[in-house]
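Inside the fold
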Amino acid sequence: MAAMAVTIAMFVAFVRGKMSIEIVSLLTIAVIAVGLYFFPLEGTSPTDGLALAFGGFGHYALITICALMVMGRGLVVTGALEPAARFLERVFKANLQVGLLVSLVATFVLSMFVNNTPVLVLLIPIFVALAQRGAMPASKTLIPLNAASLLGGLATTIGTSTNILVVSIAVDLGMREMGVFHFTPIVLGASLIALPYIWLVMPRQLPDNRVIDETEKRRFHARLRIGAESAFAGQSLADILPRLPEDIKFHDDVTGPLQPQQRLHISGSHEALEDAMRVLQGELAPAWVLDRIRRDSATKRKDILAVEMTVTADSRLINRTLPTSGVADLYGVAVLGVHRPQRLIGPRQEFSEVGDQRITEGDVLLVMGLPEDLHNFASTDSLLMLEGAREMPRKSKALLSAVIMGVAVFTASTGIFPIAISALAGAILMFLTGCVKFDRVGRALSGQVIVLIAASIAIGRIILDSGAAGWLGEVLSAGLQYLPPAGIIAAIMLFVTMLTNFASNATAATVGTPIAFAIAAQLNLPAEPLVLAVLFGCNLCYATPIAYQTNMLIMGEGSYVFADYIRTGVPLVLIMVASLSVLLALSYGM
């Protein structure tokens, strides 16, 4: 009873939300540690209780999730996911709902054959990038994607490790072995019923957790030189405009087809300028200085930064243009653009005889270079570095990081290695190859997720070791004899679902499968549909963040709270339990 009381107290604290998730998780661990030290479980010592309470911090599930976070960070900082993000961005721009539907179906199908954890690890950074590009907020897409991946994993015996565990326990208890697609039609039928809810209702139940920047983005004026090998050379500007960001403006009277090495006066936000540079295959600064910066970055193993700097009254750059300033020669940095703030008096724009903008006090320069060169430039030329320096993607490592992630996903999904080994090896390779820097690993990890995982593992252990799970099973079996077959299946599924959402799916599988066999024998029912009820219940882990590792993976990226999972997950659990129970009863003629 004490184990149930701790579990219920933790659940209530999470739902109320008055204390942070980290505090509730740490208090739960502390209560379990102190309680088991003074009142140890039968046959254990006080120190065994401490090992149970704190064992989550060294558990393979926590290490696996941290390793997956590191690999996901590697894909982001190297820009490896930009092609996929741009493709999905075009789909979402055409129609947000169609884009989400395509993503949900693709996630479902992939998760049928590939472990759903690596699938979601690949998708999380893509949808975070899409949100930054103006598509649906990540907080409205990640929980639906997670639900689709869990449904896909439910559809085959190899979809999740829990499916394999339940089937193997059932075979040990005397049931015939199931094929890969043994119960796929049942899951597909239930998933079609649940799809409208996941696609159309769930995103509306979730908050928009984007951090809205109330300040207007700075518009930088720049000279973009068309690349010699640009695919758009020879085409008119009107033909190219649909491919460029809406934020880009052209300030030249461009007539006729574009020519290689032609310079265009454009303006836009930093992100828009980068997109225009990619589309037109051009450069915003002299090619020689950009090549030198990239070469020095590779040699010194330093990240390239893009920083905004304000020109002060003492700067030598005032009244100079970028070509006459000598910035690239003197400091080895590249000025990509110049922002001119709104002025109440005085000239707004000043240009040289050849059309280059003259720098004045208060202008903001967008500068790219290595950290030490940027600081040298700012201090020597009296510039004020603004906050919000942005790391440029290490694109030279993009293919390498994608290969590392691909190999890790392949070896985990095909069973060559356990997912923990594949993830750890991938994270180590990300460090050794420089895709992720050791001093930046803190940005990849979430302290909130780490303590939550440790607390959930401790709760799962105490529910199993204290006998609370077995007691619940006995209570359940006592009242099932009065229910119809579909009701028996639904009751078993709900019982296992409760264990899954508050303990772990492995605990639910271990406890629920023998109980299903015992109930089948007592009520003279076929064992297979009841075992499948256990298998399905183990995967209906939508209602709490502690139920499954992918729930925790998305928690930080979507800025979710405990109530978000309950609000969206409980209706989905009820839909799936009702549809799966009826379909199971009909399929087995019960």
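The coordinates are above.
Here goes a summary of the coordinates provided. Worth saying up front: this structure is predicted, and the values here are computed from it rather than measured.

The rules behind these values
- Residues numbered from 1 in each chain as written.
- Predicted model: local features only at pLDDT ≥ 70, side-chain atom pairs only at ≥ 80, totals over all residues.
- Heavy atoms only, no water.
- Buried < 20%, exposed > 50% of the residue type's maximum accessible area, 1.4 Å probe, protein only.
- Helix = DSSP H or I, 4+ residues; strand = E, 2+ residues; numbered from the N terminus.
- Pairing = 2+ DSSP bridges.
- Core = buried A, V, L, I, M, F, W, Y, C linked by side-chain atoms within 4.5 Å.
- Contact = heavy atoms within 4.5 Å.
- Axes fitted to C-alpha atoms, helices over the stretch in contact; angles between N-to-C directions.
- Parallel < 35°, antiparallel > 145°, perpendicular 65-115°, else oblique.
- Left-handed = near helix turned anticlockwise from the far one by under 90°.
- Phe/Tyr/Trp six-rings, centres within 6.5 Å; stacked < 30°, edge-to-face > 60°.

1. Considerations on the pairing of strand S4 (residues 305-311)
Most of S4 is tucked away, with six of its seven residues classed as buried. Sheet topology note: the S4/strand S6 (residues 364-369) ladder contains six bridges and is antiparallel. Paired with Val307 across the strands is Val367, a residue of S6. Examined bridge by bridge, S4 and strand S8 (residues 390-391) share two bridges and lie antiparallel to one another. Following the sheet pairing, Ala306 is matched in S8 by Arg390. Taken together, the three bridges between S4 and strand S7 (residues 383-385) define a ladder with antiparallel strand orientation. Paired with Val311 across the two strands is Leu383, which belongs to S7.

2. What to know about the nonpolar core
Phe536 and Met576 are the most contacted members of the largest nonpolar core, which has 120 residues in total. The residues contacting Met576, other than those within four sequence positions of it, are Leu151, Leu154, Ala190, Ala194, Leu540, Tyr542 and Ser581. Counting 33 residues, the second largest nonpolar core, distinct from the first, contains Leu258, Val279, Ala306 and Met368.

3. What about the packing of helix H2 (residues 21-38) against helix H3 (residues 46-54)?
When two helices pack together, their arrangement is given by the angle between the helix axes and by the axis-to-axis distance. The interhelical angle for the contact between H2 and H3, taken along N-to-C directions, is 165°, at an axis separation of 7 Å. Judged by the angle between their axes, H2 and H3 are roughly antiparallel. The way H2 lies across H3 gives a crossing that is right-handed. In this structure, H2 uses Ile29, Ile32, Ala33, Leu36 and Tyr37 to contact H3, whose residues at the interface are Pro46, Gly49, Leu50, Leu52, Ala53 and Phe54.

4. Topic: the packing of aromatic side chains
For any pair of aromatic rings, the description rests on two quantities: the centre-to-centre distance and the angle between the ring planes. Summed over the entire model, instances satisfying the criterion amount to four aromatic pairs. With 5.3 Å between their ring centres and 85° between their planes, Tyr37 and Phe38 make a pair best called edge-to-face. Overall, Phe38 belongs to the exposed group, its relative accessible area being 57%. Summarising the aromatic geometry, the rings of Phe183 and Phe536 are spaced 5.6 Å apart at their centres and angled 75° between planes, so their arrangement reads as edge-to-face. Of the two residues, Phe183 sits in the loop between helix H9 (161-172) and helix H10 (184-205) while Phe536 sits in helix H24 (residues 527-539), which places them 353 residues apart along the sequence. Accessibility expressed as a relative area gives 0% for Phe536, which makes it buried.

The analysis is restricted to geometry; functional conclusions fall outside its scope.
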